[in-house]
Amino acid sequence: MDSIPKATPMLDALERPIHDLRISVTDRCNFRCVYCMPKHVFGPDYQFLKRSELLSYEEIERIASVFVDLGVRKLRLTGGEPLIRKDIERLIAKLAGIEGVQDLSLTTNGSLLTPKKAEQLYRAGLRRVTISLDALDGETFKSMNGVDFAPEPVLKAIDIAAVAGLSPVKINMVVKRGVNDNAVLSAAEYFKGSGHIIRFIEYMDVGNSNKWQADEVISAAQIRDIIEKKYSITPASPDYHGEVAQRWRYRDGSGEIGIIASVSQPFCGSCTRARLSADGSLYTCLFASSGHDIRALIRSGATDDELSTAIKGIWSARTDRYSEIRASQSVEIPKIEMSYIGG
Ligand code: SAM
Ligand code: SF4
Ligand code: SF4
């Protein structure tokens, strides 16, 4: 990896540069989180992508390289559960070798992160992970993940990641009213002073499976209120343009938290993210209804120049700003599921 920009990033129709590519490596997951892959939809008969439909690591590397040439500097692997994909460290090594990549990270539920895996990931070139954890108490966490998985192994995975050098570890906690809002303070307390950074995420209406309702969202302001009842926090400036989390620092110097206000304070104006699904479709918004089939291009023999021209065409036509216009949507539109497109 190096830090020399290779190109002026291309701009979309609203003059937003491309900067991040999120790559979903699988649509499968061993959890059934209520807000993402609820059991009643993702049951035993659910048709996941077939092996032949998934992009190979070589195909992902090639697409990512073209994106980096077009201005992408951050790559994030996600899913589904990315650690389900066999030898994911092989892909990490390929992506870490692309000149121009400044940041390579992975989001995981932590359930499969053994010390050996963490070490392999680090050795392949991964430097950061985000681990999702929605509550510290077993009953609440199990009611969120849908598969009776206890929080202890995830807490252990967070330590394993830090020991392997994948730090600071970020922890994602989606807050859903009436389910885990009472777990916010204890989670903040647990990670305060640990060197890890917990980020509270407003529950979003991604996909159509979770039957999202606006009154189930605990807003960023409410999350802040919960924490401020006990601790004094002060805003910190963003690390970079387009950062999605609002950063807050504890006044006593014991670290920081993040709050992602995707619903109450949308940040479409600075959205620099493209998403590649596990089967090679390109999405220009998390809430898109359809994608652009990059896999078909690759498998029909397109050259890198042809891929680049196609991607430029897609990005330059991009006008997405779903979260800013959510409130004015009167009919529910079909949206792609988060487990497919990647978080
Ligand atoms: N399986 C991995 C994990 O859970 O970390 C990676 C994929 S998951 C789709 C990526 C992130 O999206 C997770 O942190 C998850 O909590 C978040 N997420 C999923 N559905 C969400 C929703 N409806 N609203 C807000 N965040 C959501
Ligand atoms: Fe799986 Fe992650 Fe979705 Fe939970 S949020 S169901 S762990 S993909
Ligand atoms: Fe970006 Fe779409 Fe989310 Fe807006 S709604 S921030 S355009 S992904």
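Just so it is clear, the structure is predicted and the values come from calculations on it, not from any experiment. (Residues numbered from 1 in each chain as written. Chains lettered and ligands numbered in written order. Predicted model: local features only at pLDDT ≥ 70, side-chain atom pairs only at ≥ 80, totals over all residues. Heavy atoms only, no water.)

## Concerning the sheet that holds strand β1 (residues 20-24)
Part 1 of the argument: Strand order in this open sheet of twelve strands is β7-β8-β9-β6-β5-β4-β3-β2-β1-β10-β11-β12, and the pairing throughout is mixed. Edge positions in the sheet fall to β7 (233-236) and β12 (292-293), since each has one partner strand and no second.
Part 2 of the argument: Direction of pairing for β7 relative to strand β8 (residues 246-250): antiparallel, over a ladder of four bridges. Looking at β8, one finds that Pro235 is bridged to Trp248.
Part 3 of the argument: Running at roughly 160 degrees to strand β6 (residues 197-202), helix α6 (residues 184-191) makes contact with β5 (170-175), β6 and β8 of the sheet. (Pairing = 2+ DSSP bridges. Helix = DSSP H or I, 4+ residues; strand = E, 2+ residues; numbered from the N terminus. Contact = heavy atoms within 4.5 Å. Axes fitted to C-alpha atoms, helices over the stretch in contact; angles between N-to-C directions.)

## What to know about helix α4 (residues 138-145)
Part 1 of the argument: Of all the positions in α4, only Thr140, Phe141, Met144 and Asn145 are classed as buried. Here the buried residues of α4 occupy an arc of 120 degrees about the axis, which is enough to place them on one side.
Part 2 of the argument: Lining the buried residues of α4 we find α5 (152-164) and β5.
Part 3 of the argument: Where α4 ends, the next residue or the one after it, Gly146, has phi of about 70 degrees, a positive value. (Buried < 20%, exposed > 50% of the residue type's maximum accessible area, 1.4 Å probe, protein only. Arc of directions from axis to C-beta.)

## Here we look at the nonpolar core
Part 1 of the argument: One finds Ile23, Leu95 and Phe200 to be the most contacted residues of the largest nonpolar core, which totals 91 residues.
Part 2 of the argument: If one sorts the elements of this core by residue count, helix α1 (residues 57-69) sits on top with seven residues.
Part 3 of the argument: Not counting residues within four places of it along the chain, the set of residues in contact with Leu95 comprises Ile23, Ile60, Glu61, Ala64, Leu75, Leu77, Val101 and Leu104.
Part 4 of the argument: One finds Val206, Tyr283, Ala288 and Ile341 within the second-largest nonpolar core, a separate group that totals 16 residues. (Core = buried A, V, L, I, M, F, W, Y, C linked by side-chain atoms within 4.5 Å.)

## What about the site of ligand 1?
Part 1 of the argument: Near ligand 1 there are 19 residues, and of these Gly80, Ser132, Asn172, Met204 and Met338 occur at the shortest range.
Part 2 of the argument: Here a nitrogen atom of ligand 1 sits 3.2 Å away from a polar atom, N or O, in the side chain of Glu81.
Part 3 of the argument: A distance of 2.6 Å separates an oxygen atom of ligand 1 from a polar atom in the side chain of Ser132.
Part 4 of the argument: For ligand 1, whose free accessible area comes to 550 Å², the fraction covered by protein is 95%.
Part 5 of the argument: Looking at the shell around ligand 1, the elements with two or more residues in it are β3 (103-108), β5 and β6. (Near = heavy atom within 4 Å. Polar contact = N/O pair within 3.5 Å; in protein donor to acceptor, adjacent residues only side chain to side chain. Areas by Shrake-Rupley, 256 points an atom, 1.4 Å probe, with all protein chains shown as cover.)

## Thoughts on the site of ligand 3
Part 1 of the argument: Ligand 3 sits among Phe267, Cys268, Cys271, Arg273, Arg275, Cys285, Leu286, Phe287, Arg318, Asp320, Tyr322 and Ser323.
Part 2 of the argument: Listed by contribution, the elements that provide at least two residues to the shell around ligand 3 are β10 (273-276) and α10 (322-325).
Part 3 of the argument: Of the residues assigned to the shell around ligand 3, the class counts are seven nonpolar, one polar and four charged. (Nonpolar A, V, L, I, M, F, W, Y, C, P; charged D, E, K, R; others polar.)

## Focus on the packing of aromatic side chains
Working definition: an aromatic ring pair is given by the centre-to-centre distance plus the angle between the planes.
Part 1 of the argument: Enumeration over the complete set of coordinates arrives at nine aromatic pairs.
Part 2 of the argument: Summarising the aromatic geometry, the rings of Tyr231 and Tyr250 are spaced 5.8 Å apart at their centres and angled 80 degrees between planes, so their arrangement reads as edge-to-face. Of the two residues, Tyr231 is situated in the loop between α7 (220-228) and β7 and Tyr250 in strand β8; the sequence distance between them amounts to 19 residues.
Part 3 of the argument: Consider the rings of Phe287 and Tyr322, whose centres lie 4.3 Å apart with planes at 15 degrees: the pair is stacked. (Phe/Tyr/Trp six-rings, centres within 6.5 Å; stacked < 30°, edge-to-face > 60°.)

## A word on the pairing of strand β9 (residues 256-260)
Part 1 of the argument: Burial within β9 is extensive, with five of its five residues counted as buried.
Part 2 of the argument: Of the two faces of β9, both are covered, the one formed by Glu256, Gly258 and Ile260 as well as the one formed by Ile257 and Ile259.
Part 3 of the argument: Where β6 and β9 come together, four bridges link them in parallel fashion. Its bridge partner being in β9, Ile201 is matched across the sheet by Ile260.
Part 4 of the argument: Across four bridges, the pairing between β8 and β9 is antiparallel. Among the inter-strand pairings, Arg247 is bridged to a residue of β9, identified as Gly258.

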